[in-house]
Amino acid sequence: MDRSEHSLYTLFEQLGLAGTDQEIDDFVEQFGPVDAKMALADAPFWTEAQAQFLREAIESDGDWAELVDELDTLMRK
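These numbers were taken from a predicted model, which means no experiment stands behind them.

I'm lost on unusual backbone geometry in this one. Help?
Among all residues except glycine, the phi angle is most often negative; among peptide bonds, the trans geometry is most common. A cis amide bond links Gly32 with the next residue in sequence, Pro33, at an omega value of -10°. Its place among the elements puts Pro33 in the loop between helix 2 (21-31) and helix 3 (48-60). One non-glycine residue with positive phi stands out, namely Asp61, at about 50°. Summarising the element assignment, Asp61 is placed in the loop between helix 3 and helix 4 (65-75). According to the relative accessible area criterion, Asp61 is exposed, its value standing at 64%.

What counts as what
- Within any chain, residue numbers begin from 1 and follow the written order of that chain's sequence.
- The predicted origin of the model limits local features to residues at a pLDDT of at least 70 and limits the giving and counting of side-chain atom pairs to 80 or more, whereas totals for whole chains, interfaces and linings rest on all residues.
- Water and hydrogen atoms play no part in the side-chain values, which are based on all heavy atoms of the structure.
- Every helix listed is a DSSP run of H or I at least four residues long, and every strand listed is a run of E at least two residues long, numbered separately from the N terminus.
- Each residue's exposure class comes from its accessible area (1.4 Å probe, protein chains only) as a fraction of the maximum for that residue type: buried when under 20%, exposed when over 50%, partly exposed otherwise.

As structure tokens, then:
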């Protein structure tokens, strides 16, 4: 079991993206807002692997789920 501390920064790194404050802000600005009717994982800018990770994080309600929810909120503003 992974007991490391997760954050929005480490979520971005897990997704293979740069995770600094500025890079997260740039990502949200570039790709947001995501349509309210679309699941975050179904947004067209994710790779298949990224989308699968997001789906699994939510479905398993595991360590990453809260951060995926936080990202979802950011992407809908």
